[in-house]
Amino acid sequence: MSKSITFNELRSIKDSLPDGSMHRIADELDLNVETVRNFFGGHNFKEGISVGIHYEPGPDGGIVMIDDTTVLDKAMEILAECR
């Protein structure tokens, strides 16, 4: 399922995650941790890969088009556990 959010919203989700969440998401989804970081706006493509997100310039840091929401869904699950 695809989704659109602003880059600032995506970074806010990342910043709200508890310590260790990038590693937890990577472990649970069998991904390289740098790939998960790249999903949230990182740029380490030497260690990780792109995961189907596209950035378009605009207000609030621009729009992020997410082709596969699996990483985002896992992040939202972790945030729900913290409430």
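The structure under discussion appears in the preceding block.
The written sequence of each chain sets the order in which its residues are numbered from 1. Under the rules for a predicted model, residues below a pLDDT of 70 receive no local features and side-chain atom pairs below 80 are neither given nor counted, while totals for whole chains, interfaces and linings still include all residues. Side-chain measures were taken over the full set of non-hydrogen atoms in the model, leaving aside hydrogen atoms and water.

**Overview of the nonpolar core**
Here the nonpolar core consists of buried residues drawn from Ala, Val, Leu, Ile, Met, Phe, Trp, Tyr and Cys, with membership extended through side-chain atoms lying within 4.5 Å. Throughout this description, buried means an accessible area under 20% of the type-specific maximum (1.4 Å probe, protein chains only), exposed means over 50%, and partly exposed covers the range between. Residues Leu-17, Phe-39 and Phe-40 are the most contacted members of the largest nonpolar core, which totals 19 residues. Helix numbering and strand numbering both begin at the N terminus, where a helix is a DSSP run of H or I of at least 4 residues and a strand a DSSP run of E of at least 2. No other element matches helix 4 (residues 70–81), which puts five residues into this core. We call two residues in contact when some of their heavy atoms are within 4.5 Å. Contacts of Leu-17, omitting those with residues within four sequence positions, involve Met-22, Ile-25, Phe-40, Ala-75, Ile-78 and Leu-79.

**With respect to the pairing of strand 2 (residues 53–56)**
The sheet contact formed by strand 2 and strand 3 (residues 63–66) spans four bridges and is antiparallel. Within strand 3, the position partnered with Tyr-55 by the bridge is Val-64. Turn length for the strand 2-strand 3 hairpin, with the two strands adjacent in sequence and antiparallel, is six residues, and the turn residue Asp-60 shows positive phi of about 60°. Paired strands, as defined in this entry, are two strands with at least two bridges between them according to DSSP.

**A word on the side chain of Lys-74**
Relative to the helices and strands, Lys-74 is located in helix 4. You can call Lys-74 buried: its relative accessible area is 15%. Contacts of Lys-74, omitting those with residues within four sequence positions, involve Ile-25, Glu-28 and Leu-29.

**What about the packing of helix 1 (residues 7–16) against helix 4?**
One can describe the packing of helix 1 onto helix 4 by two numbers: an axis separation of 10 Å at closest approach and a directional angle of 45°. Relative to helix 4, helix 1 is oriented oblique. Considering the relative orientation of helix 1 and helix 4, their crossing is left-handed. Where helix 1 approaches helix 4, its residues Leu-10, Ile-13 and Ser-16 are matched on the opposing element by Leu-72, Ala-75, Met-76 and Leu-79. All residues other than Ala, Val, Leu, Ile, Met, Phe, Trp, Tyr, Cys, Pro, Asp, Glu, Lys and Arg, Gly among them, are scored as polar; the first ten of these are nonpolar and the last four charged. Taken together, the residues of the contact of helix 1 with helix 4 sort by class into six nonpolar, one polar and no charged. Axis geometry follows a simple rule: fit a line to the C-alpha atoms, using only the stretch in contact for helices, then measure angles between N-to-C directions, giving values from 0 to 180 degrees. For this classification, under 35 degrees means roughly parallel, over 145 means roughly antiparallel, 65 to 115 means roughly perpendicular, and everything else is oblique. By definition, turning the near helix anticlockwise from the far helix through less than a right angle yields a left-handed crossing, and turning it clockwise yields a right-handed one.

**A few points about unusual backbone geometry**
Most of the time, phi is negative for any residue but glycine, and the peptide bond is trans. The phi dihedral of Asp-30 falls on the positive side, at around 55°, and the residue is not glycine. Here Asp-30 is to be found in the loop between helix 2 (21–29) and helix 3 (33–39). The backbone phi angle of Asp-60 is positive, close to 60°, even though this residue is not glycine.

**Description of helix 4**
In this analysis, the expected span of each helix is defined as 1.5 Å times one less than the number of residues it contains. Its 12 residues place the ends of helix 4 17 Å apart at the C-alpha level, agreeing with the 16 Å of an ideal helix rising 1.5 Å per residue. In this structure, the buried residues of helix 4 make contact with strand 1 (3–6), helix 1, helix 2, helix 3 and strand 3.

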